[in-house]
Amino acid sequence: AVPLDWTGWKRLEIRKEDFGVIGQPLGWECVSGLHLTWDAPLNLPAGTALHLDDVVLQGRDGNRGIGDFDAIRHGWDNVFQDRDLSRSGTSSGKWWFPDIYPDAVCRRYPADWSGYDVLAFWVHVPAESTGRLLVKVMSAAPNTSQADEILTRTFAIGSFRDRPYAFGDRIDWSANAMSDGESKTIEWNAQLNRHFHFQPLAKAWWETGEEKYAAELAAQMNSWIEDNPVLLTQSGNSPYHHAWETLNTGIRLHGSWPDALAHCLEAEAFTDDIIINILKSVVEQARHLMRWPSTGNWLTAEAWGVYVTGLLYPEFRDAAVWRRYGIDCLYRQLQEEVYPDGLQYELALGYSNWTLREFTDLYNAAVLNGMEQELPPDYYSRLEKMYVYLMANVMPGAVAFALNDAGNSSVKRQLLDGYRLFNRPDLLYAATDGRAGEPPAADSLGQEWVGHYVMRSGWHRLANVLHMDAGLQGRAHIHQDKLTLALTAYGHHLLVDGGVSMYDKSRWRAYQLLTRSHNTVLVDGMDQFGENAMAAKVWPLPWEGVKPAGSDTVWHSAPGVDYCQGWWKGRWRDYVDSQNPATDATRVLDTVQHRRAVLFVKPDWWVVHDTLVASDQEQHTAEVLYHVDAEQTEDVGSAVLATSKNQAGLRLAARPQPGLEVEIVTGKMTPPVQGWSANVKRNRPKGIPMSAVPTAIFRQSWRERADLVTVVHPFPSGETRATRCVALACSPGGQAARIDVGPEESFVWLHSDQPGHVIQALAGESGGAVLLATDGQAAVAGGDGASFRLLLVHGRNVSGPGLRATVSQAATLSVLAVAAQTLVVSTDQAVEVTVGLAFLPASGLTLHVLDRRGGRV
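As the structure is a computational prediction, the values presented were derived from the model and not from experiment. Per chain, residue numbering runs from 1 following the sequence as it is written. Per-residue local features of the predicted model are confined to residues with pLDDT of at least 70, and side-chain atom pairs are confined, for both listing and counting, to 80 or more; whole-chain, interface and lining totals are unaffected and use all residues. As a rule here, side-chain values come from all non-hydrogen atoms in the structure, and water together with hydrogens is ignored.

1. Topic: the overall build of the protein chain
The condition that has to hold: Runs of H or I in DSSP of at least four residues are treated as helices and runs of E of at least two as strands, each being numbered from the N terminus. We compute the radius of gyration over the C-alpha atoms and compare it with the globule rule, which gives 2.2 Å times the number of residues raised to the power 0.38. Each residue is placed in one exposure class: buried if its accessible area under a 1.4 Å probe, protein chains only, is under 20% of its type's maximum, exposed if it is over 50%, and partly exposed if it falls in between. Contacts: residue pairs with any heavy atoms within 4.5 Å of one another. Only the protein chains shown count as cover for residues, and the accessible areas themselves come from Shrake-Rupley with a 1.4 Å probe. Charge assignment: positive for Lys and Arg, negative for Asp and Glu; neither His nor the chain ends contribute. The atom standing in for a charge is NZ when the residue is Lys, CZ when it is Arg, CG when it is Asp and CD when it is Glu.
Regarding its fold elements, the protein chain presents 13 helices and 49 strands. Relative to the compact-globule value of 29 Å for 857 residues, the protein chain shows a C-alpha radius of gyration of 30 Å, a close match. For the protein chain, the spread of C-alpha atoms along the principal axes amounts to about 95 × 75 × 50 Å. Split into buried and exposed, the 857 residues of the protein chain put 54% on the buried side. Counting contacts in the protein chain only where the partners sit at least 6 residues apart, residues at least 24 apart contribute 66% of the total. For the protein chain, the accessible area works out to roughly 35400 Å², and carbon and sulfur atoms hold 50% of it. In the protein chain, which carries 75 positive and 99 negative side-chain charges, the distance between the mean positions of the two groups comes to 2 Å.

Rendered as structure tokens:
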């Protein structure tokens, strides 16, 4: 342990006798790892960095460099090249954010240290009291347990550790351990033919030198080649062919095959005949991918596989052609399959990040091999938008909201990479919950092309953030979830959806795909039923301008208020799953449309307004769903209170109206299941890939039109809320309510179907005094002292007793009290603003213009 108690550069020399012994190491001749751990104080300023340089071993065997950081690949994980600070050469290694990356791991070191006496390296410390550095040299026997299991020919595949399969003497590459019942899926077989299990065999040979592991690997690769001749007249995608599906092939070519061959090339089992057979198959696989290109994330994997083949085997006549094919495909995909907002057009976070990694890996591989001149000059700059999308869509903790076939995912690594690559301090700000960098241009961000809208109170760790999906379905991996909401508040993800687990035939998979697992609306118990036409999935090219010309989504945002409105104008269908497929008797409804309008009264609460409109005269039922990650829920009249012992809670307060019913469903097992989420990890029943979560259902029968209004009000751990939503009378063409947030905090909410026409909210359900009037899309007024709010969404006027505000043209305006005598006035554009408030003094007002962080400018 070395105290970091100096500033500037210092050379550390650690002798063998300086190390203590933990456990029973094999000895200095069998080193299996070199780790540095930064034990940093909790109050370390964000962005504090250590720099490493010239890491060497010294002794009778001479000097062995294991980290000079001058190259793009220096062999240290969690430490990157920094050309702004170097002790010698062109770069040092920058290591920061010890709360995120406490360990720096060296991957390039000799296994035999018997000829060295000293580990020496330079460390740059920016300030005293930066903690201490722990230096650990591991010397442990290789763990070959997984490789040993594979040798028995009874083993599990990839992520299916609970599904081993007994292959016998020769592997049947068409085998599938998950071919029956609800768990039926091709994913087990797909992982078998992606050959992920080659890695533990190659690693075991590399670390032990025992020939049996390389022999098994050579035998399996050769048997796969012999048993699976290349397809000549079909792609292998549909119908599925285990060996030649193009996604499986692309993954093999850029991952498992070159890794296995590179590690085991010198093993006795890898004879000339075996190597020639493998390389012949590599050529066949590359040509197969070029013959049968697909789209989406499949094509990204395929093109990356072809490029890697041309890069690793330049001896082949077609190597340059393979590299050009890979570059052209990936470059075209960046333009035609990644929206201007930065999300890949399948609109599934995990798959988009997968493509981002492959886009980036192509660039890094080209640079590493001195071939960057083969890339288009703007190739790398086109990646920037993908990092910006991640920044816009993070909740606190740098976890991104996920839709379609994706789960919520930490994107800290990507945001830090984006900061480093594009020198964008706003990416650093998002990655660190505002502890370092500079704030993005706005707290709330609307991505109009992908249809994802994020309403945010700030970028700090306990910020309140709501995500609304008002976009198209996506090119693939579609969930029927239009207008769904997700919410994180006070450090806890409160509104969750079904998430994603295995692609099988189970009731759980059916649930995750359907509307009923999301926070939106069912009609007559039916889910959304999207069209299979491309126009319903992807906006047509070219993608130009700030939003698609055909979008019916409305987005308005100012520093104190956000508003989003979207539509579902498609069909609805009865519940179906693999065991209960659609028949002629399955109902399909095409006469009901759903509009959702969400207003954020910053920083605390939202008004969710769901409108159902029917073109028929039939009786219908609407069910508004909210899946809440909470330990306890209770029905309190027309509201639901959800609480947890040590986490934030949530109150869902519906506007009462005749016939409104409230139900809470948790962990319903019989199809259609309800009250489950794969995004929640606690207390999962055995055999079920999800956790039970309470689901609040607000149910209303109606004809022709229904308007259901819910106030979504989160609160910190240890507190509660008694929020109420009370119906008010309103002018034709509008909806109104009084929202009681606390004993002395009431607000009037007003929403218009026809912005530009003045509507009024009236006292009482049957009319009375005017409480609020506006010509805008929506308005809110109320509160007292520090809670005062006056909000106008895309209008010119808002007024009520003792208050009025006008703008010179239609705009979104917020007047927020931040203290009893301090107001902040904001608009979404440059307009002339007039504000009149009865409680303001007639003189003595002071005006300041504020910057993005609230500082006076």
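Continuing now.
2. Topic: empty space enclosed by the protein
Counted only if it meets this: Any residue with an atom within 4 Å of a point lines the site, the site being either a cavity, points on a 1 Å grid over the protein atoms alone where a 1.4 Å probe fits but cannot get out, or a pocket, an open set with protein on both sides within 12 Å along at least 5 of 7 lines. Grid points are joined across faces, edges and corners, and a volume is the space filled by probe spheres set on the points.
The tally for this structure, following the rule as stated, stands at seven cavities of 30 Å³ or more. Of the voids in this model, the largest cavity is the one considered here, and its volume is about 90 Å³. The wall of the largest cavity is formed by 15 residues, among which Ala402, Leu403, Leu485, Ala486 and Asp497 lie closest to the centre. Among the elements of the structure, strand S19 (465-469), strand S20 (485-489) and strand S21 (492-495) are those that each provide at least two residues to the lining of the largest cavity.

3. Details of the side chain of Thr484
Relative to the helices and strands, Thr484 is located in the loop between S19 and S20. For Thr484, a relative accessible area of 2% gives the class buried. Leaving out residues up to four positions away in the same chain, Thr484 has contacts with Leu403, His467, Met468, Asp469, His518, Asn519, Thr520 and Arg596.

4. Digging into the pattern of salt bridges
Applicable threshold: The term salt bridge refers to a pairing of a side-chain nitrogen on Lys or Arg with a carboxyl oxygen on Asp or Glu at a separation within 4 Å.
If you walk through the whole model with that rule in mind, you get 39 salt bridges. Glu623 is the partner of Arg699 in a salt bridge, and the nearest nitrogen-oxygen pair spans 2.9 Å. Taken together, the positions of Arg699 in strand S37 (residues 694-703) and Glu623 in strand S30 (residues 619-627) put the pair 76 residues apart, joining distant regions of the chain. A single burial state applies to Arg699 and to Glu623, both of which are buried.

5. Some points on unusual backbone geometry
In this model, Leu541 is joined to Pro542 through a cis peptide bond whose omega is 0°. Within the fold, Pro542 resides in the loop between strand S23 (527-529) and strand S24 (554-558). Following Pro671, the chain continues to Pro672 via a peptide bond in cis, the omega torsion being -5°. Tracing the sequence through the fold places Pro672 in the loop between strand S34 (661-666) and strand S35 (676-677). In the Ramachandran plot, Ser129 falls in the positive-phi region, its phi being about 60° despite a non-glycine side chain. Inspection of the secondary structure assignment puts Ser129 in the loop between strand S10 (118-125) and strand S11 (132-138). Residue Asn423 is not a glycine yet carries a positive backbone phi of 55°. The topology assignment puts Asn423 in the loop between helix H11 (412-422) and helix H12 (425-431). Asn423 sits in the exposed class, given a relative accessible area of 60%.

6. Digging into the pairing of strand S48 (residues 822-827)
Quick note on the threshold: Pairing between two strands is assigned when DSSP locates at least 2 bridges connecting them.
As defined by bridge partners, strand S47 (residues 803-819) adjoins S48 across six bridges and the pair is classed as antiparallel. By the bridge assignment for S48, Ala817 is matched with Leu823. Hairpin connection of S47 to S48: two residues between the antiparallel strands.

7. Quick look at the packing of aromatic side chains
Condition: Two rings from Phe, Tyr or Trp (for Trp, the six-membered ring) form a pair when their centres sit within 6.5 Å of each other. Planes less than 30 degrees apart are called stacked, planes more than 60 degrees apart edge-to-face, and all others tilted. Put simply, a charge is over a ring when the Lys NZ or the Arg CZ is close to the ring centre, within 6 Å, and near the line of the ring normal, within 35 degrees.
Here the structure, examined in full by the defined rule, presents 30 aromatic pairs. Ring geometry for Phe69 against Trp76: centres 6.4 Å apart, planes inclined by 40°, an arrangement best described as tilted. Since its relative accessible area comes to 3%, Trp76 is described here as buried. Residues Trp568 and Trp572 carry aromatic rings whose centres are separated by 6.5 Å and whose planes lie at 80° to one another, so their mutual orientation is edge-to-face. Residue classification places Trp568 among the buried residues on the basis of a relative accessible area of 9%. Chaining the aromatic ring pairs together yields one cluster made of Phe80, Trp96, Phe97 and Tyr419. When the ring centre of Trp6 is taken as reference, the NZ or CZ atom of Lys10 above it lies at 4.7 Å. The ring of Trp96 is capped by Lys94, whose NZ or CZ atom sits 3.9 Å from the centre of that ring.

8. Things to note about the packing of helix H2 (residues 187-194) against helix H5 (residues 246-264)
How we decide: Note on method: axes are straight lines fitted to C-alpha atoms, helices fitted across the in-contact stretch only, with angles between N-to-C directions ranging 0 to 180 degrees. By the definition used in this description, the sense in which the near helix is turned from the far one sets the handedness, with an anticlockwise turn below a right angle giving left-handed and a clockwise turn giving right-handed. Three residue categories are used. Nonpolar comprises Ala, Val, Leu, Ile, Met, Phe, Trp, Tyr, Cys and Pro, charged comprises Asp, Glu, Lys and Arg, and polar comprises the others, including Gly.
It is at 8 Å that the axes of H2 and H5 come closest, and there the two elements cross at 35°. With respect to the hand of their crossing, H2 and H5 are arranged in right-handed fashion. Note on element contacts: H5 touches H2 through Leu247, Asn248, Ile251, Arg252 and Ser256, opposite Ala190, Asn193 and Arg194. Of the residues contributing to the contact of H2 with H5, the split by class is three nonpolar, three polar and two charged.

9. Section: the sheet that holds strand S26 (residues 571-573)
Taking strand neighbours across the sheet as the criterion, the three strands line up as S23-S26-S27 in an open arrangement whose pairing is antiparallel. Single-partner strands in this sheet number two, and they are S23 and strand S27 (588-589). Bridge analysis of S23 against S26 gives three bridges, and the strand direction is antiparallel. Residue pairing in the sheet places Gln528 in a bridge with Trp572 of S26.

10. So, the environment of Asn143
Threshold: Any pair of nitrogen or oxygen atoms within 3.5 Å is treated as a polar contact; in protein, a donor-acceptor pairing is required on top of that, and neighbouring residues in sequence qualify only through side-chain atoms on both sides.
Relative to the helices and strands, Asn143 resides in the loop between S11 and helix H1 (145-151). Take Asn143: its relative accessible area is 61%, and that puts it in the exposed class. Sequence separation between Asn143 and Ala204 is 61 residues; the distance between their C-alpha atoms is 7.6 Å. For Asn143, the side chain forms a polar contact with the side chain of Ser145, separated by 2.9 Å.

11. Quick word on the sheet that holds strand S17 (residues 445-447)
The strand order across the open sheet built from five strands is S17-S18-S19-S20-S21, with neighbouring strands paired in antiparallel fashion. Each edge of the open sheet carries a strand with a single partner, namely S17 and S21. Averaged over neighbouring strand pairs, the angle between their axes works out to 15° when direction is ignored. For strand S18 (residues 452-456) and S19, the ladder comprises five bridges, and the chain directions are antiparallel. Each bridged residue has a counterpart across the sheet, and for Arg456 the counterpart in S19 is Val465.

12. Notes on the environment of Ile276
Within the secondary structure layout, Ile276 lies in helix H6 (residues 272-291). A relative accessible area of 56% means that Ile276 is categorised as exposed. C-alpha separation for the pair Ile276 and Val758, spaced 482 residues apart in sequence, amounts to 79 Å.

13. A look at helix H4 (residues 211-227)
Where we set the bar: An expected span of 1.5 Å times one less than the residue number is assigned to each helix.
In a regular helix each residue adds 1.5 Å, so 17 residues correspond to 24 Å; H4 covers 24 Å between its end C-alpha atoms and thus fits that length. Contacts from the buried residues of H4 go to H1, strand S12 (154-157), H2, helix H3 (198-208), H5 and H6.

14. Re the nonpolar core
Applicable threshold: Residue types Ala, Val, Leu, Ile, Met, Phe, Trp, Tyr and Cys, when buried and joined through side-chain atoms within 4.5 Å, form a set referred to as a nonpolar core.
Leu217, Phe270, Ile278, Tyr339, Leu383 and Leu415 are the most contacted members of the largest nonpolar core, which totals 115 residues. If we ignore the near neighbours within four places in the chain, the residues touching Leu383 are Leu334, Leu356, Phe359, Thr360 and Phe422.

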